[in-house]
Structures are given as structure tokens and as C-alpha cells.
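# Inside the fold
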Amino acid sequence: MIRIVINDKVKKSRIEPEIYGHFSEHLGRCIYEGIYVGEDSDIPNKNGMRTDVVEALKELQVPVLRWPGGCFADEYHWKDGIGPKETRKRMVNTHWGGVVEDNSFGTHEFFELCDQIGCKTYINGNVGSGTVQEMSEWVEYMTFEGVSPMAKLREENGHKDPWKIDYFGVGNENWGCGGNMRPSYYADLYRRYQTYVRVYDPEKPISKICGGANVDDYHWTKTVLDVTHDHTPPQFHGFMNGLSLHYYVHPEGWEIKGSSTDFDEEVWYKTLFKALYMDTLVTRHGAIMDSYDPDKNIGMVVDEWGTWYTCEPGTNPGFLYQQNTVRDALVAGITLNIFNNHSDRVKMANLAQMVNVLQAVILTEGDRMIKTPTYHVMHMYRYHQGADLLETSVSGVETAGPDEWKVPEVTQSVSVDKDGIITVTINNLSTDEAKDIEVVIAGRTADVADARIVTGEMHAHNTFDAPDTVVEEEFSDYRTTDGTIGITLPPCSVVMLRLGK
Ligand code: AHR
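These notes cover the structure that comes with them. All of these numbers come straight from a predicted model, not from anything done at the bench. Counting from 1, residues in each chain are numbered in the order their sequence is written. In view of the model being predicted, local features appear only for residues whose pLDDT reaches at least 70, and side-chain atom pairs are presented and counted only at 80 or more, with totals across whole chains, interfaces and linings using the full set of residues. Heavy atoms from the whole structure form the basis of all side-chain values; hydrogens and water molecules are not counted.

### Here we look at the layout of surface pockets
Empty space within the largest pocket amounts to approximately 350 Å³. Computed over the protein atoms alone on a 1 Å grid, cavities are sets of points where a 1.4 Å probe fits but cannot get out and pockets are open sets with protein on both sides within 12 Å along at least five of seven lines; a residue lines them when it has an atom within 4 Å of a point. In terms of lining residues, the largest pocket is bounded by 21 residues, among which Glu 173, Trp 175, Tyr 248, Trp 254 and Trp 308 are the most central. Side-chain classes are defined by residue name, with Ala, Val, Leu, Ile, Met, Phe, Trp, Tyr, Cys and Pro counting as nonpolar, Asp, Glu, Lys and Arg as charged, and the others, Gly among them, as polar. Here the residues of the lining of the largest pocket sort into 12 nonpolar, 6 polar and 3 charged. Lining the second largest pocket are 16 residues; nearest its centre among them are His 108, Glu 109, Glu 112, Asn 157 and His 159. Among the elements that line the lining of the second largest pocket, the one with the most residues is helix H2 (residues 107-117), at 5 residues. Tallied by class, the residues present in the lining of the second largest pocket amount to 4 nonpolar, 6 polar and 6 charged. Grid points are joined across faces, edges and corners, and a volume is the space filled by probe spheres set on the points. Numbering of helices and strands runs from the N terminus; a helix is a DSSP stretch of H or I covering at least four residues, while a strand is a stretch of E covering at least two.

Below you can see the structure in the form of C-alpha cells.
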């Protein structure tokens, strides 16, 4: 019997809402069609943003949105995306699918989108092909309130008031698509570029994110920190608030990747095994960060994570469009539990990507929209946002799956919110076995105030003709005896319990 004992007296770290963040790139049908359809579209919209998508994102409580890339960020020249739409540059998105980018979604549209969703802003600047002047002028354009050339330009383009940038990324994947740099070279560029990401209004600080490692490139993390570290306190002089990390799950490796819907049991376990690797990455990169930043002032920012499969047959391979099954629900549940459990160091994470690309929470086709299993998991987990991680002890967990891809049968995380309500999220990774679990709060009785589940056959997914095959449902397979909660978790499931005071 698996037993989870919760110590609600020991709050370990705050789970920043930003751990539940999202990412939207000018890639495939993420921005265009998926989010932005333009004011003249027949699809209901407000200032060009699809109303159905914005409503769904509001229900999800999206805390922060990263834009404009990804690899696109290091090719993006922001002045192409301001001013009258008819005069904006048209160009080819060489990185993603070779389609025409008409720049009709630019800086003003991004802030409008975040305003409609009600989320924080994370802008990713261009280091790979952009200049310091270009980056510095973009920050001035977005945030300067007084008399200046860029503030004047913003006003001429219809926005007198400055906006707020909550996070600013200084380049993206600069070890690869962002310029193929070596870590010490990038680290020097980081020092230089970030200098000109000026904070004009001390009431509106900008958190600066340094471009971090790909997967297990610990040498990158160490070198970048070494070069940016000044050896005299305060060692980072406030010029780095976050260091990023990117990790994608490719079930069959980078070359083959694997189908999003057609997989066997072994690939199910292989996928979850690879999702669990996030724990190792966060731990090891975190240990390097600890050696430079023991007080954990620099947040680990996992600003790209999720599954990356072979794109759907018949779609543009450069659009990265894929389906999303119960397997993705489990990847989301496992990964978010890992982030919660490492919330002393992980301060933001951004699922790649928000709509129609990779492990999207929303898929669209014309005027139709569906929520994916990943959406429903993120919705159930939203109670963790801003809550405190609680100390728990878990016993009796065995492994499941074939020898090479053995995974724990269950993973979990537990938090308490400001009203004293405890949220427990548990995943059953097994394809065929239900699991009996006892949940106990040490020293007191526990009552279930709400219980929800996302589950289904491992390949189950939503389509435009059957949008509700996998949804968040009420969960009733639990019993309370003498203050102990016994639950039976079906195979392939993600469960959320809310425990009252
Ligand atoms: O999310 C798709 C791409 O993956 C991003 O553009 C890039 O940063 C990463 O390699």
C-alpha cells in the first residue's frame, strides 16, 4: 500500500505561479490562426484575438506568457512589427515552415493579448542577429515614460502609456539557433546586452533571464555562471534574475521522435521515463547554481518543456503540430510535480507551446477549438499557483514498466494555499494497474473538499468531432476513515484532491 503522509506544519518553498507559464512563438499556427486572427476575421475576436482561446486561457489562470520565440526571437527585429499593419514588412519565416510572416502581430498586439488573458509578460530579446542598440531601443519603446525618441514613436503608434515588462530574456538557445556560441562568449555578450535592458521605473523592475543550457549541458551552466559571477558580493550585481533550461521529451530520440497517437506500452513507459529525467536535470543544474548562488537569488527558468513528437501526417513539418493524448496528461502531471517539488530553485517554467504547436493546451481548426488533456491537467493543478509546498513522506511506491524504462508507479506533490486548503496532485503511471493509496495529514484528520481526475485509455485524445473524450471529471473513488483518506487511482490517471482545514 502506498502511503502519503503530509506534514502541514512544514512549508518548504513558495510555488511561484510562473511555474505554470506558457510560451507562444511565431511558429506554425500558434500565433496566427491559433491566437490572432485579425479584427476583420469571421471568427469572434476582440482586437484580433480569438475570443474562444482567450476565454479558455483565462480559465487556466495563465500567469505569464513568453514571446516571440524560441529560435524566432533571435531573428526577430521588433521594428518590423510596429506601425500601420499595411506597411509592416512581409518576410519569410525561414526557421519555421518557410511561410510568409506579415508582422501583423507585434509588440502592441502582444501586450494586448497579455492584457486580455490577465497575465505577466515575458519578452525574449534578440542577441543572435540583433544589436545592443536594437535591444535597448525595444526596452525604451516598451517601458519609457518621459520624453525620448522611442516613447514618442510608441505614442505615434497609438500607445501613449508605457507597458510593463515582467521578464526579459537576453537571447534564446544561443548555443544553437541563437548564434551557435560557446558558453564563455555568450556569457560575455550577456553581461554586455543586459546592461542596456534599463529599468526606467524602479516601481516596475524587469527580471532579466540569462540563456541557459540545453538538457544536460552542465558545462554551459557552469561556464556562464563563472563568467557572469564577479567574485565580490553581491556576486551577480542584480544583473541576472533567472537562468534558463530547455528540455523536450522525444520518445524515440531527436531524429525519429515518434508518433503522438500511435505508440505501444513500451513507448508509453519510455516517454514517462524521459519526462522523469527532468528531476535529474533540475537537481544537477541546481547543484551548480547552488555553488555560485547558495541563497538561491537566481531562479531556474525552464522556459521550454514538453513533448515533441513527429508532426501530424499531412501537416507542414515546420509547423510542429501534434496531437495530445492521455500520455501527455501524464507527462504534464509528472513534470509539474517535479517543478513543485523543486520550487526552492525553479521559479518559472513555460510549456511549449500554448496553441497548435508541440504539447499545446489548445488546438484550433478554423473557427473550432478544443482543449487537450494537457489543458485539463494544468487546470486541475492551478491551485498550486502561489501556494506553499508542504513536506511529505511517501512510502510503498514500487516500479512499473519494462526493465530499461522502469518508472515509479506514482508521483505526487502537495501544497497549502493562503486559506489553509491543501492540494494533493498524484499520478498513476501504470498502464494497467489501479493503485490504492492512503493520504494522511500528520496529527489531524483530513476531509476531501473536492476531487478531480483526468484519465482514459493511454491513446485517448480529443478531436474536433469528439472534443470531450478526455476531460477533467469529478473523482469519487475515495473513502475517509478516521481522518485517513483511502483512494483508488485508476491506471493512466492524474488526480487532484483538495483537503479542507
Ligand atoms: O519550441 C520550438 C523550438 O524549440 C524553439 O523555437 C527553440 O527555442 C527550441 O529549440
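### Things to note about the site of the ligand
Looking at the ligand, there are 13 residues lining it, with Glu 25, Cys 71, Glu 173, Tyr 248 and Glu 304 nearest. Within 3.5 Å is the distance limit for a polar contact, defined as a pair of N or O atoms, with the added protein rule that one can donate a hydrogen and the other accept it, and that residues adjacent in sequence qualify only through two side-chain atoms. Measuring from an oxygen atom of the ligand, one finds a side-chain N or O atom of Asn 172 at 3.1 Å. The accessible surface values rely on the Shrake-Rupley method and a 1.4 Å probe; as for residues, cover is taken only from the protein chains in view. For the ligand, whose unbound accessible area comes to 280 Å², protein coverage reaches 94%. Assignment to a cavity or pocket requires that more than half of a molecule's atoms be within 2 Å of the site's grid points. Comparing atom positions with the cavity grids shows the ligand to sit within the largest pocket. Its residues assigned to classes, the shell around the ligand comprises 7 nonpolar, 3 polar and 3 charged. In this text, near means that some heavy atom of the residue lies within 4 Å of the molecule or strand in question.

### A short note on the pattern of salt bridges
What counts as a salt bridge is simple: a side-chain nitrogen of Lys or Arg found within 4 Å of a carboxyl oxygen of Asp or Glu. This structure, assessed with the given rule, holds 31 salt bridges. Close ionic contact of Glu 16 with Arg 14 constitutes a salt bridge, the shortest N to O distance being 3.2 Å. Exposure classes here rest on a 1.4 Å probe applied to the protein chains alone. A residue is buried below 20% of its type maximum, exposed above 50%, and partly exposed in between. For Arg 14, a relative accessible area of 39% gives the class partly exposed. Within the structure, one salt-bridge network assembled from shared partners comprises Asp 290, Asp 293, Lys 296, Asp 344 and Arg 345.

### Things to note about the packing of aromatic side chains
The criterion for an aromatic pair is that two Phe, Tyr or Trp rings (for Trp, the six-membered ring) have centres within 6.5 Å, with stacked assigned to planes under 30 degrees apart, edge-to-face to planes over 60 apart and tilted to the rest. In the structure shown here, the tally under the stated rule is 24 aromatic pairs. Each ring, one from Tyr 248 and one from Trp 308, has its centre 4.8 Å from the other, and the planes form 85°; the classification is edge-to-face. Of this pair, Tyr 248 sits in strand S11 (residues 242-249) while Trp 308 sits in the loop between strand S12 (299-307) and helix H9 (326-341), and the two are 60 residues apart along the sequence. The class for Tyr 248 is buried, based on a relative accessible area of 11%. Seen from their ring centres, Phe 273 and Trp 405 are 5.2 Å apart, and the 80° between their planes marks the pair as edge-to-face.

### Notes on the state of the cysteines
In plain terms, two cysteine sulfur atoms within 2.5 Å form what is called a disulfide here. Within the structure shown, the criterion is met by 1 disulfide. Covalently, Cys 71 is tied to Cys 177 through a disulfide, its sulfur atoms 2.2 Å apart. Because the torsion about its S-S bond is -90°, the bridge between Cys 71 and Cys 177 counts as left-handed. A residue pair is termed long-range when its members are at least 10 positions apart, and Cys 71 in the loop between strand S5 (64-67) and strand S6 (91-93) and Cys 177 in the loop between strand S9 (167-170) and helix H5 (183-195) qualify at 106 residues. A relative accessible area of 28% means that Cys 177 is categorised as partly exposed. Residue Cys 30 stays outside any disulfide, its sulfur separated by 12 Å from that of Cys 114, the closest cysteine. Cys 30 sits in the buried class, given a relative accessible area of 0%. We note that Cys 114 lacks a disulfide partner, and the nearest cysteine sulfur, in Cys 119, lies 3.8 Å from it.

### Things to note about the environment of Met 181
With respect to the helices and strands, Met 181 occurs in the loop between S9 and H5. Residue class for Met 181 comes out buried when judged on its relative accessible area of 11%. C-alpha separation for the pair Met 181 and Ser 104, spaced 77 residues apart in sequence, amounts to 31 Å.

### Section: the sheet that holds strand S2 (residues 21-23)
At least two bridges found by DSSP between two strands is the condition for calling them paired. Overall, parallel pairing links the 8 strands, which are arranged S2-S5-S8-S9-S10-S11-S12-S13 in a closed barrel. Each strand of the sheet is rotated relative to its neighbour by a mean of 30°, with strand direction disregarded. The criterion used for residue contact is that any of the two residues' heavy atoms lie within 4.5 Å. Every angle, taken between N-to-C directions, lies between 0 and 180 degrees, and every axis is a line fitted to C-alpha atoms, over only the stretch in contact when it is a helix. Contacts from helix H3 (residues 132-143) reach S5, strand S8 (120-125) and S9 within the one sheet, and its direction differs from that of S8 by about 160°.

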